[in-house]
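# Coordinate analysis (summary)
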Amino acid sequence: MKSDVGTSNFDINAQKKNLSVICTENDNFANIDPLENRRLAMKKLEAKLEQLRGNKSAHQYEEERKAKRRLSKLKSKVRKKAMKEEGSKENKGYKFQIHFFRIHLKKSKKSKRDEFTGKDYKRLLEKADKRMERIEAIREKNPEKASHIEENIRWNKSFRRVEGQKIKDDPDLLRKSLLRKQKMKEIRRKKWDKRIQFTERKQALKQEKRMSNIQKRKESIKMKKLQKARKKGRIL
């Protein structure tokens, strides 16, 4: 019995030693840097590939292929990790913040008032007349200011024309353009009315022709029936 107890105690002590060795190995493995760990794995794979070289069987060839694949993956991971660490060292202490925002540029009432572009001649004529009235009202109080405003208007007009814009602020020309536009509108309206009348007349003629054809068809059917009845002696 004593011998059995002694052997059992010996086995327990041996297991404890093995466990302590495994724990220390695991601790050492945990303390190793992940990058270093990958490098060690790469060395092991390279050693394994050296052993597998030479006359290989199908199984050895497959193992070599898998080992090469694992080695290439480990190399790429090590390279990426090293690049990441270098980048973090370079950018250490710097914070980059990018903010995107939208700028809305709204035209002021004055800029809209001074714009004389487009084809709405009625609105442009009203604006031109109002501007003339405003300048005349200022001229009564302060002639110098009115002349200064007119000078600014002329300069702005010349600058815009140089840029390629068409400035339509002449009241006489605007009236002529408005009359021309109204005349063209009237001509188009008359043409449209004529077209409508022509289409209505055409439809009426077609309808009349259709009705006459239907009536002729009915009469021809009626005459055929009467002729058949006469042949059979039903009608004298």
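Residues numbered from 1 in each chain as written. Predicted model: local features only at pLDDT ≥ 70, side-chain atom pairs only at ≥ 80, totals over all residues. Heavy atoms only, no water.

What follows is about the overall build of the protein chain. Check the secondary structure of the protein chain and you find seven helices and zero strands. In sequence order, the protein chain lays out its α and β elements as α-α-α-α-α-α-α. Per-residue burial for the protein chain yields a buried fraction of 11% across its 236 residues. Restricting the contact set of the protein chain to residue pairs at least 6 apart, pairs at least 24 apart contribute 50%. (Helix = DSSP H or I, 4+ residues; strand = E, 2+ residues; numbered from the N terminus. Buried < 20%, exposed > 50% of the residue type's maximum accessible area, 1.4 Å probe, protein only. Contact = heavy atoms within 4.5 Å.)

Within the secondary structure layout, aspartate 169 lies in the loop between α6 (143-163) and α7 (171-232). Separated by 2.9 Å, the side chains of aspartate 169 and arginine 131 make a polar contact. Polar side-chain contacts of aspartate 169 include one of 3.2 Å to the side chain of lysine 157. (Polar contact = N/O pair within 3.5 Å; in protein donor to acceptor, adjacent residues only side chain to side chain.)

Between its first and last C-alpha, α6 extends 31 Å over 21 residues, near the 30 Å set by a 1.5 Å rise per residue. Just beyond α6, the residue with positive phi is glycine 164, at close to 105°. (Expected span 1.5 Å × (residues − 1).)

A few words on the nonpolar core. Within the largest apolar cluster, eight residues are counted, these being Phe116, Tyr121, Leu124, Leu125, Ala128, Ile167, Leu174 and Leu178. When near neighbours in sequence (up to four residues on either side) are disregarded, phenylalanine 116 contacts Leu124, Lys127, Ala128, Arg131, Lys166, Ile167, Lys168 and Asp169. Membership of the second largest hydrophobic core comes to six residues, among which are Met42, Leu45, Ala67 and Val78. (Core = buried A, V, L, I, M, F, W, Y, C linked by side-chain atoms within 4.5 Å.)

What follows is about the pattern of salt bridges. The tally for this structure, following the rule as stated, stands at 10 salt bridges. Between arginine 123 and aspartate 120 there is a salt bridge, and its shortest N-O distance comes to 3.8 Å. Classification of arginine 123 by relative accessible area gives partly exposed; the value is 36%. We note a salt bridge from arginine 139 to glutamate 150, for which the minimum N-O separation is 2.3 Å. (Salt bridge = Lys/Arg side-chain N within 4 Å of Asp/Glu carboxyl O.)

Right, let's talk about a positive patch on the surface for a bit. A surface patch of positive charge is lined by Arg217, Lys224, Lys225, Lys228, Lys231, Lys232 and Arg234. In this structure, lysine 225 sits in helix α7. Judged by its relative accessible area of 59%, lysine 225 falls in the exposed class. (Patch = residues over 30% accessible without salt bridge, like charges linked within 9 Å, V, L, I, M, F, W, Y side chains within 5 Å. Areas by Shrake-Rupley, 256 points an atom, 1.4 Å probe, with all protein chains shown as cover. Lys, Arg positive; Asp, Glu negative; His and termini not counted. Charge placed at Lys NZ, Arg CZ, Asp CG, Glu CD.)

The next subject is the packing of helix α5 (residues 121-141) against α7. Each pair of packed helices gets described by two things: the angle between the helix axes and the distance between those axes. For the pair α5 and α7, the least separation of the axes is 9 Å and the interaxial angle reads 160°. On the basis of their axis angle, the class for α5 and α7 is roughly antiparallel. For the pair α5 and α7, the crossing hand works out as left-handed. Touching Tyr121, Lys122, Leu124, Leu125, Ala128 and Asp129 of α5 are Pro171, Leu174, Arg175, Ser177, Leu178 and Lys181, all from α7. A breakdown of the residues in the contact of α5 with α7 according to their chemical character gives seven nonpolar, one polar and four charged. (Axes fitted to C-alpha atoms, helices over the stretch in contact; angles between N-to-C directions. Parallel < 35°, antiparallel > 145°, perpendicular 65-115°, else oblique. Left-handed = near helix turned anticlockwise from the far one by under 90°. Nonpolar A, V, L, I, M, F, W, Y, C, P; charged D, E, K, R; others polar.)

Let us now look at the confidence of the model for the protein chain. Residue-level pLDDT values for the protein chain average 75, and 67% of them are 70 or greater. Ranking the helices and strands of the protein chain by mean pLDDT puts α7 first, with 91, and helix α1 (residues 2-31) last, with 46. Note that pLDDT drops below 50 for residues 1-12; the model gives that stretch zero contacts with residues more than four away or on any other chain. Considering only residues more than four positions removed or in separate chains, one finds that residues 21-30, a stretch of pLDDT under 50, has one contact. (pLDDT = per-residue confidence, 0-100.)

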